[in-house]
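Chain by chain, the residues run as shown.
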Amino acid sequence: MTTPVALVTGSGARRVGRKVAEALAGRGYALALHYHTSRDEAQQGAAELRTTGIEAEAFGADLTDESATRDLIATVLARFGRLDALVHCAAIWKPIPLEKITAADVRKYFDANTLATLLIAREAGLAMTKQPSGGSIVLVGDWATVRPYLNYAAYFASKGAIPTLTRTLAVELATRNPAVRVNCIQPGPVMLPPDLPAAEREQAIRGTLVKREGSPRNIALAALHFLDNDFVTGACLPVDGGRSIHSADT
């Protein structure tokens, strides 16, 4: 039986991407762990997975660089021989008050969160179209693009494009190979920054219907759902505890 191969971007540091990679390893996937700056953590993560019998290797790339992104997919294919899944978790996220946003800030967010998403999904998807078995791509957006809150205008603009990219790529790739699917997860508060003020943390939790913070495992389970269900494509799934449909202030 052929071992399926997954590439998880942004899985160097121990954040959501790493948890997704570990969940895929538990399903028997061989893992390509992508990092940009977290080289040591990514290599350590790959080594830890190998001790459990999972085939894993770390790969570095700046996903805003078209050539580097193309080379990343080529290198993963050369190493593993195939690519069955891409879960694109890499992103940047930082508050900037509206009055302080510069054009450079906007370009930075669009490069990291929008352009990089298109480039990596295109390269991975086109590689998958050449495989009879196709493949599955899972992108990561943000629930709050439908109910934005303060101080993230540049970030939300860049993430607001992800649902459109999801649908567009689903159509583009399926016309080349119907076995290639593209879906999107829209996370809520699943791994709040450790330096987030207590009041903001409580506000985020109070804003959910389930009245608690989620975890990276919730995102991993959503990714597995999209990989497992071969009759779903072009869909966006909020994993946000109900924040996208509920406001604690109303």
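In short, a report on the structure. In this text, all values refer to a predicted model and were calculated from it rather than measured experimentally.

What counts and what doesn't
Residues numbered from 1 in each chain as written. Predicted model: local features only at pLDDT ≥ 70, side-chain atom pairs only at ≥ 80, totals over all residues. Heavy atoms only, no water. Helix = DSSP H or I, 4+ residues; strand = E, 2+ residues; numbered from the N terminus. Rg over C-alpha atoms; globule rule 2.2 N^0.38 Å. Contact = heavy atoms within 4.5 Å. Areas by Shrake-Rupley, 256 points an atom, 1.4 Å probe, with all protein chains shown as cover. Lys, Arg positive; Asp, Glu negative; His and termini not counted. Charge placed at Lys NZ, Arg CZ, Asp CG, Glu CD. Pairing = 2+ DSSP bridges. Axes fitted to C-alpha atoms, helices over the stretch in contact; angles between N-to-C directions. Expected span 1.5 Å × (residues − 1). Buried < 20%, exposed > 50% of the residue type's maximum accessible area, 1.4 Å probe, protein only. Salt bridge = Lys/Arg side-chain N within 4 Å of Asp/Glu carboxyl O. Phe/Tyr/Trp six-rings, centres within 6.5 Å; stacked < 30°, edge-to-face > 60°. Right-handed = clockwise from strand over helix to strand, strands pointing away. Arc of directions from axis to C-beta. Polar contact = N/O pair within 3.5 Å; in protein donor to acceptor, adjacent residues only side chain to side chain.

Per the secondary structure count, the protein includes 8 helices and 7 strands. Since a compact globule built from 250 residues should have a radius of gyration of about 18 Å, the 18 Å found for the protein is in line with a globular shape. Projected onto its principal axes, the C-alpha coordinates of the protein cover approximately 55 × 40 × 35 Å. Sequence separation of at least 24 residues holds for 73% of the intrachain contacts in the protein that already meet a minimum separation of 6. Carbon and sulfur atoms provide 54% of the accessible area of the protein, an area that totals close to 12000 Å². Looking at charge distribution, the protein has the averaged site of its 27 positive side-chain charges lying 3 Å from that of its 25 negative ones.

As summarised here, the arrangement of the 7 strands in space is β3-β2-β1-β4-β5-β6-β7, forming an open sheet in which the pairing is parallel. Either end of the sheet is taken by a strand with one partner, and the two such strands are β3 (56-60) and β7 (236-239). Between one strand and the next, the sheet's axes are offset by a mean angle of 20°, whatever the strand orientation. Bridge analysis of strand β4 (residues 85-88) against strand β5 (residues 135-140) gives 4 bridges, and the strand direction is parallel.

Moving on, we get to helix α8 (residues 216-228). For α8, with 13 residues, the first-to-last C-alpha span of 18 Å sits near the 18 Å given by 1.5 Å per residue. Considered for burial, the residues of α8 that qualify are Pro216, Ile219, Ala220, Ala222, Ala223, Leu224, Phe226 and Leu227. In the core, the buried residues of α8 are packed alongside α1 (16-26), β4, β5, β6 (180-187) and β7.

Below, the discussion takes up the pattern of salt bridges. By the definition in use, this model includes 11 salt bridges. Between glutamate 66 and arginine 70 there is a salt bridge, with its nearest N and O atoms 3.4 Å apart. Here arginine 70 and glutamate 66 lie together in helix α3 (residues 66-80), a separation of 4 residues that amounts to about one turn. Classification of glutamate 66 as partly exposed rests on a relative accessible area of 38%. Ionic pairing is found between aspartate 84 and arginine 82, a salt bridge with its closest N-O pair at 2.7 Å. Look at aspartate 84 and you get buried, because its relative accessible area is 13%. Put simply, Glu66, Arg70, Arg122 and Glu123 are held in one network by salt bridges that share partners.

This part takes up the packing of aromatic side chains. Working definition: an aromatic ring pair is given by the centre-to-centre distance plus the angle between the planes. Enumeration over the complete set of coordinates arrives at 9 aromatic pairs. Both rings, one in tyrosine 152 and one in tyrosine 155, keep their centres 6.2 Å apart while their planes meet at 75°; by these two values the pair is edge-to-face. By relative accessible area, tyrosine 152 is classed as buried at 7%. You can call tyrosine 155 buried: its relative accessible area is 5%. Three or more aromatic residues joined by ring pairs form one cluster here, namely Trp93, Tyr109, Trp143, Tyr149, Tyr152, Tyr155 and Phe156.

Across the 5 residues that make up strand β1 (residues 5-9), a large majority, 5, are buried. Burial along β1 is two-sided: Val5, Leu7 and Thr9 facing one way and Ala6 and Val8 facing the other are all buried. Judged from the 4 bridges that link them, β1 and strand β2 (residues 30-35) form a sheet pairing that is parallel. Residue pairing across strands places valine 8 opposite leucine 33, the latter belonging to β2. At this point the chain moves from β1, through α1, to the parallel β2, and the crossover so formed is right-handed.

A few words on α3. Taking 1.5 Å per residue, 15 residues should reach 21 Å; α3 reaches 22 Å between its end C-alpha atoms and fits that length. For α3, the set of buried residues is Thr69, Leu72, Ile73, Val76 and Phe80. Along the axis of α3, the buried positions cluster into a sector of 90°, meaning they face one direction only. Looking at the buried residues of α3, the elements they touch are β1, β2, β3 and α4 (103-129). Where α3 starts, the residue carrying a side-chain oxygen 2.9 Å from the main-chain nitrogen of serine 67 turns out to be aspartate 65.

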